[in-house]
Amino acid sequence: MFPNRLRRPMRPETPRRQPAWIGRPPQPRQKPSTTENIISQFRDQDGQFDFNKMTEVASQMGKLYGQVSPFITTFFKK
């Protein structure tokens, strides 16, 4: 359009890198079930069930229920 006007030099075209996941075969996601995850928390290092840990958690849950249940019942009675 303006023949005597200087043009800005164009940037050289840089090759774009592909993301790392392109070209890799898709990996199937294996998510452990909730039950397996909960049960695994009660195993010791040898893979045996830790009954002391189970009874301790059950005791703590009972105490928590005893503290929270009056609040919940008054909340739902309204």
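Residues numbered from 1 in each chain as written. Predicted model: local features only at pLDDT ≥ 70, side-chain atom pairs only at ≥ 80, totals over all residues. Heavy atoms only, no water.

Participant: Any chance you could break down the overall build of the chain for me, citing the residues and the numbers?
Facilitator: Within the chain one finds two helices and zero strands. In the form shown here, the chain has an accessible surface area of approximately 9000 Å², with 57% of it arising from carbon and sulfur atoms. (Helix = DSSP H or I, 4+ residues; strand = E, 2+ residues; numbered from the N terminus. Areas by Shrake-Rupley, 256 points an atom, 1.4 Å probe, with all protein chains shown as cover.)

Participant: Summarise a nonpolar patch on the surface; cite the residues concerned and give the values.
Facilitator: A cluster of nonpolar side chains, namely L64, V68, F71, I72, F75 and F76, defines an oily patch on the protein surface of about 660 Å² accessible area. Looking at the element boundaries, F71 is found in helix α2 (residues 51–77). Since its relative accessible area comes to 58%, F71 is described here as exposed. (Patch = residues over 30% accessible without salt bridge, like charges linked within 9 Å, V, L, I, M, F, W, Y side chains within 5 Å. Salt bridge = Lys/Arg side-chain N within 4 Å of Asp/Glu carboxyl O. Buried < 20%, exposed > 50% of the residue type's maximum accessible area, 1.4 Å probe, protein only.)

Participant: Quick one: what's the story with the environment of F42, residue by residue and with numbers?
Facilitator: Mapped onto the elements of the fold, F42 is located in the loop between α1 (34–40) and α2. Residues contacting F42, with those up to four places away along its chain left out, are Q48, F49, D50, K53, M54 and V57. (Contact = heavy atoms within 4.5 Å.)

Participant: Can you lay out the environment of V57 for me, pointing to particular residues and giving the numbers?
Facilitator: Structurally, V57 can be placed in helix α2. Residue V57 is classed as partly exposed on the basis of its relative accessible area of 27%. Spatially, the C-alpha atom of V57 lies 9.5 Å from that of F42, the residues being 15 residues apart in sequence.

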